[in-house]
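# A structural walkthrough
Now for the letters of each chain:
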Amino acid sequence: MALRPAEGAARAGVDARSAAPEHDGLENIQQKKIFKENMEKTQQSEEPCAADSVDSLMAEMPFVDTDIEDEHAMLATSELSIKKKRKRTTGREIEEGTERKKKKNKQCQPNYFISLPITNPKITGSIQAVQDAIVQKDQRLSKAMVRSGSLHVTMFVMHLSSEEEISIAVGALSDSKVFVDDLLKGKRVDLSFQGIDHFRNQVGFVNLAENDHTALLKEIAETMKKIFQEKGIMAGEERAFKPHLTFMKLSKSTELRKQVKKIDSSLYEDFKNHYFGDEILHRFDLCSMLKKKQPNGYYYCESSIVFGEKQAAEPDDAELVSLSKRLVENAVLKAVQQYLEETQNKSRQTDGSPAKTEEAASSSKNESDNDNSK
């Protein structure tokens, strides 16, 4: 039966509407397929770039090519690198980077230094008086005090990682003597210590008065540092050399640092302008921070150079030790020889040796002479 025009049109509209979803579904499937293929291609092309970006990010970290030369610079650099790393990376990358940083810091941490020993009894005695006064006011700070035998001025620090590098440093110190003598030109250098100051209330030290001799000491330090650097030793630090005599520091005791955050400057207020005395410049030592100290409290010394007026006037510590050893060795040798002689004499007397016979004959003769005299 033929459809009416109106019904045909309605039926055609229904068929068209039912066919439209099928067409739309096919288009959606094709679009999804194309989108998926594009995403896979994009990921493949972006993967190498991600790795490159991480590498470039790590290369920007401050610890990559940084050489640490002292504790303060090391700590500052460490804190800065950790802050930057937290901003740029997350999770595991932070932990791994921190571990690498700690390992590098440990490898580069200074373990040797050039020391100017303080030997004037007036200076050491005055410092002892200051230390006693501070401890009387705060007993906890007794752990922060530097022993009299350890008192010194640090010229510069360095890191020596092997016996070979220690040997090179010893040679550099020996080579420095000629240059130091040339700078001194035979003059006596008196280093005057006066007044007390501090570093961030963590370290207490005696100031070295500013004068021509102090300027000469700074020039000597710079000259020696260059000699070590020319030998391949990473010596010195970027900041300006400030010679000082440390007598108290919180870092000597971990337990103390938990109890005392800052040293109250009022504890040494009475000594802020005190004159401690003069030290004649006469010796530099290459000392270890880690090896066992000497009995008098001074650091383990690898080598020394001696110069100036004090060298001719009196022997240095090394010479005194050597002299003492020789005296002991001579005394022991003499005692051994005496013991051997006594043992040999006793042996001869026991065996009836010629020495004993001769002694007996001499005794008989004396008795005979006595009888005749009667």
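Above: the structure in question.
Residues numbered from 1 in each chain as written. Predicted model: local features only at pLDDT ≥ 70, side-chain atom pairs only at ≥ 80, totals over all residues. Heavy atoms only, no water.

### A few points about the overall build of the chain
When helices and strands are counted, the chain shows 10 helices and 8 strands. For the chain, the proportion of its 374 residues judged to be buried stands at 32%. Across the chain, every contact between residues at least 6 apart in sequence was considered, and the portion connecting residues at least 24 apart equals 77%. Carbon and sulfur atoms make up 51% of the accessible area of the chain, which totals about 24,400 Å². (Helix = DSSP H or I, 4+ residues; strand = E, 2+ residues; numbered from the N terminus. Buried < 20%, exposed > 50% of the residue type's maximum accessible area, 1.4 Å probe, protein only. Contact = heavy atoms within 4.5 Å. Areas by Shrake-Rupley, 256 points an atom, 1.4 Å probe, with all protein chains shown as cover.)

### A look at the side chain of Ser 303
Along the chain, Ser 303 falls in strand β8 (residues 300-306). Accessibility expressed as a relative area gives 17% for Ser 303, which makes it buried.

### Some details on the environment of Val 206
With respect to the helices, strands and loops of the structure, Val 206 is situated in strand β4 (residues 203-208). Classification of Val 206 as buried rests on a relative accessible area of 0%. Put simply, Val 206 and His 274 are 68 residues apart on the chain and 9.2 Å apart in space, counted from C-alpha to C-alpha. Apart from residues no more than four positions distant in its own chain, Val 206 is found in contact with Ile 127, Phe 193, Gln 194, Gly 195, His 244, Leu 245, Phe 247 and Phe 276.

### Observations regarding the sheet that holds β8
Reading across from one edge, β2-β1-β7-β8 is the order of the 4 strands in this open sheet, with antiparallel pairing throughout. Strands with a single pairing partner mark the edges of an open sheet, and in this sheet they are β2 (152-158) and β8. Neighbour-to-neighbour, the strand axes of this sheet turn through a mean angle of 25°, independent of strand direction. Pairing analysis gives 6 bridges linking strand β1 (residues 112-117) to β2, with the strands arranged antiparallel. Bridge assignment links Phe 113 to a residue of β2, and that residue is Val 157. Sitting on the sheet, helix α5 (residues 163-184) touches β1, β2, β7 (283-288) and β8, and the angle it makes with β8 is about 20°. Seen against the sheet, helix α6 (residues 212-230) touches β1, β2 and β7 and runs at an angle of roughly 30° to β2. (Pairing = 2+ DSSP bridges. Axes fitted to C-alpha atoms, helices over the stretch in contact; angles between N-to-C directions.)

### Remarks on the packing of aromatic side chains
Taken as a whole and assessed by the stated rule, the structure comprises 5 aromatic pairs. A ring pair is formed by Phe 113 and Tyr 299, whose centres lie 5.1 Å apart and whose planes are at 85°; its orientation type is edge-to-face. Note that Phe 113 is positioned in strand β1 and Tyr 299 in the loop between β7 and β8, a separation of 186 residues in sequence. The exposure classification of Phe 113 matches that of Tyr 299, with both residues buried. Through a chain of ring-to-ring contacts, three or more aromatic side chains come together here, namely Phe 113, Tyr 298 and Tyr 299. Directly above the aromatic system of Tyr 299 lies the positively charged group of Lys 293, at a separation of 4.4 Å from the ring centroid. (Phe/Tyr/Trp six-rings, centres within 6.5 Å; stacked < 30°, edge-to-face > 60°. Lys NZ or Arg CZ within 6 Å of the ring centre and 35° of its normal.)

### Topic: the pattern of salt bridges
Counted by the stated rule, this structure contains 10 salt bridges. Asp 175 serves as the salt-bridge partner of Lys 231, at 2.9 Å between the closest nitrogen and oxygen. Of this pair, Lys 231 sits in the loop between α6 and β5 (244-249) while Asp 175 sits in helix α5, placing them 56 residues apart in sequence. With a relative accessible area of 33%, Asp 175 lands in the partly exposed category. For Glu 222, the salt bridge goes to Lys 225, with nearest N and O atoms at 3.5 Å. Taken as a pair, Glu 222 and Lys 225 lie in helix α6 at a separation of 3 residues, close to a single helical turn. What makes Lys 225 buried here is its relative accessible area of 14%. (Salt bridge = Lys/Arg side-chain N within 4 Å of Asp/Glu carboxyl O.)

Nothing here speaks to function; it is all geometry.
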